[in-house]
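This is what each chain is made of:
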Amino acid sequence: MSSKLKLGVLISGRGSNLQSLIDATQDDSFPAEIVTVISNVPGVAGLDRAAKAGIATTVINHKDFEDREPFEDVLHDALNEAGVELVCLAGFMRILTDGFVSRWLDKLINIHPSLLPSFRGLHTHERAIEAGVRFSGCTIHFVRPAMDDGPIIAQTAVPIRHDDTPDALAARILVEEHKIYPLAVRLIAEGRVSIEDSLVKIKDAVNPDGTTINPEN
Ligand code: GRF
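Every chain begins its residue count from 1, and numbering advances along the sequence as written. Only residues with pLDDT of at least 70 get local features here, since the model is predicted, and only at 80 or more are side-chain atom pairs given and counted; chain-wide, interface and lining totals rely on the full set of residues. Side-chain descriptors were evaluated using all non-hydrogen atoms of the structure, hydrogens and water having been removed beforehand.

Turning our attention to the domain arrangement of the protein. Residue ranges assigned to each domain were obtained from an automatic or database domain assignment. On domain assignment, one finds that the protein holds domain 1 (1–104) and domain 2 (112–138 + 155–206). The C-alpha-based centres of domain 1 and domain 2 are spaced at 21 Å. Between domain 1 and domain 2, the contact holds 16 residues from the first and eleven residues from the second. Of the roughly 1,100 Å² buried between domain 1 and domain 2 on both sides combined, carbon and sulfur atoms contribute 76%. Take the accessible area each of two parts loses on contact, using a 1.4 Å probe, and add the two losses: that sum is the buried area. Of all residues in domain 1, Asn17, Phe30 and Pro31 bury the most surface against domain 2, accounting for 36% of the area lost on that side. Contacts were defined at the residue level, with two residues in contact if any of their heavy atoms lie within 4.5 Å.

Laid out in structure tokens, this is it:
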């Protein structure tokens with residue numbers, strides 16, 4: 001039996017972050033494998049990406065349920081049945097209840113397209129540009145009950161250009177999202193990530209060098 005960490009990836013759409021995880025897992029040395037991809041929206045592109053990679057997919061349409069809890073019960077059972085050990089939210093556009101988050105505490109991670117704790121929620125790129133911040137980026141974090149909250153595992157900063165548009169910034173950040181998600185999963189799968197006093201510690205982490213200044217002149 002494989003000793004790789006078993007991932008369940010939850011999506012609602014395009015699935016480009018899912019693709020970055022699929023691509024990473026295709027390297028034999030990657031210490032995690034995707035055992036199921038679950039979408040709450042039928043017919044989305046991410047499901048095709050998973051099917052193409054030979055990964056089992058399930059649609060659990062939230063519209064078939066009157067409340068969040070019964071939807072999440074089905075989701076929880078599907079993840080358990082697939083033997084999932086780490087749940088990766090990848091553009092999953094449903095707010096999860098405290099109950100679901102507690103059941104998967106420290107086994108549930110998310111990617112968010114900003115440097116948390118700045119710009120939680122939607123329209124992050126537009127809001128970052130409007131706020132005049134010089135950097136935005138992306139964050140991988142453990143999920144806690146509050147939206148886009150929880151111990152931060154990894155972040156990448158991306159400079160904001162002086163003529164940036166939300167779409168252009170989103171595209172540049174997405175490139176970094178696709179690197180950071182597999183990195184965070186690898187660190188967890190290697191057993192190097194722990195949480196102490198709500199902060200993530202990474203064993204044998206390589207310290208980044210230098211500083212980045214924006215603007216450069
Ligand atoms: C990404 O920008 C991710 O950070 C956010 O939703 C978007 C999903 O994109 N949570 P994709 O479906 O992975 O392409």
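This next bit is on the pairing of strand E4 (residues 86–89). Consecutive side chains of a regular strand alternate in pointing toward one face of the sheet and then the other. Neither face of E4 is open: one carries Leu86 and Cys88, the other Val87 and Leu89, and all of them are buried. Strands are labelled as partners when DSSP assigns at least two bridges between them. Here a strand is any run of E in DSSP of at least two residues, a helix any run of H or I of at least four, and the numbering for each starts at the N terminus. Where strand E1 (residues 5–11) meets E4, four bridges bridge the pair, whose relative direction is parallel. Paired with leucine 7 across the two strands is leucine 86, which belongs to E4. Alignment of E4 against strand E5 (residues 108–112), held across three bridges, turns out to be parallel. If you follow valine 87 over to E5, its bridge partner there is leucine 108. Read from E4 through helix H4 (residues 98–103) to E5, the crossover connection turns out right-handed. Accessibility here uses a 1.4 Å probe with only protein chains present; expressed as a share of the type maximum, an area under 20% marks a residue as buried, one over 50% as exposed, and anything in between as partly exposed. Note on handedness: a crossover is taken as right-handed if, strands pointing away from the viewer, the path from the first strand over the helix to the second is clockwise.

It is worth spelling out the environment of valine 193 at this point. Relative to the assigned elements, valine 193 resides in strand E8 (residues 193–196). Residue classification places valine 193 among the buried positions, given a relative accessible area of 18%. Taking the C-alpha atoms as reference, valine 193 lies 24 Å from valine 158; in sequence the two are 35 residues apart. The residues touching valine 193, leaving out its near neighbours within four places in the chain, are Phe142, Leu187, Ile188, Val200, Lys201 and Ile202.

Spatially, E3-E2-E1-E4-E5-E6-E7 is the arrangement adopted by the seven strands of the open sheet, whose pairing is mixed. The sheet is open, and its two edges are formed by strand E3 (57–59) and strand E7 (152–159), each paired on a single side. For this sheet, the mean inter-axis angle between neighbouring strands, taken without regard to orientation, is 20°. Where E5 meets strand E6 (residues 135–142), four bridges bridge the pair, whose relative direction is antiparallel. Following the sheet pairing, isoleucine 109 is matched in E6 by phenylalanine 142. Helix H3 (residues 68–81) contacts E1, strand E2 (32–39) and E4 of the sheet and is inclined by roughly 155° relative to E2. Axis lines are fitted through C-alpha atoms, for helices just across the contact stretch, and the angle between N-to-C directions can take any value from 0 to 180 degrees. Against the sheet, helix H6 (residues 166–189) touches E1, E2, E4, E5, E6 and E7, its axis set at about 155° to E7.

Note on placement: histidine 62 falls in the loop between E3 and H3. A relative accessible area of 17% means that histidine 62 is categorised as buried. With near-sequence residues (within four places) excluded, histidine 62 lies in contact with Asn40, Phe71 and Arg94.

A separate point is the site of the ligand. One heavy atom within 4 Å of a molecule or strand makes the whole residue count as near it. The environment of the ligand is made up of Arg14, Gly15, Ser16, Asn17, Gly91, Ile111, Pro113 and Glu177. Whenever two N or O atoms come within 3.5 Å, that pair is a polar contact, provided that in protein one can donate a hydrogen and the other can accept it, and provided that, for residues adjacent in sequence, both atoms are side-chain atoms. Between an oxygen atom of the ligand and a main-chain N or O atom of glycine 15, the distance comes to 2.8 Å. The contact in question runs from a nitrogen atom of the ligand to an N or O atom on the backbone of isoleucine 111, over 3.1 Å. Protein contacts shield 84% of the accessible area of the ligand, which totals 370 Å² for the unbound molecule. Assessed atom by atom at 2 Å from the grid points, the ligand resides in the largest pocket. Its residues assigned to classes, the shell around the ligand shows two nonpolar, four polar and two charged. Each accessible area is a Shrake-Rupley estimate made with a 1.4 Å probe; only the visible protein chains count as cover when residues are assessed. In this analysis, the protein atoms alone were mapped onto a 1 Å grid. Cavities are point sets where a 1.4 Å probe fits without being able to get out; pockets are open sets with protein on both sides within 12 Å along at least five of seven lines; lining residues have an atom within 4 Å of a point. Should more than half of a molecule's atoms lie within 2 Å of a pocket's or cavity's grid points, that molecule is taken to sit in it. Amino acids outside the nonpolar list (Ala, Val, Leu, Ile, Met, Phe, Trp, Tyr, Cys, Pro) and the charged list (Asp, Glu, Lys, Arg) are all regarded as polar, and Gly is one of them.

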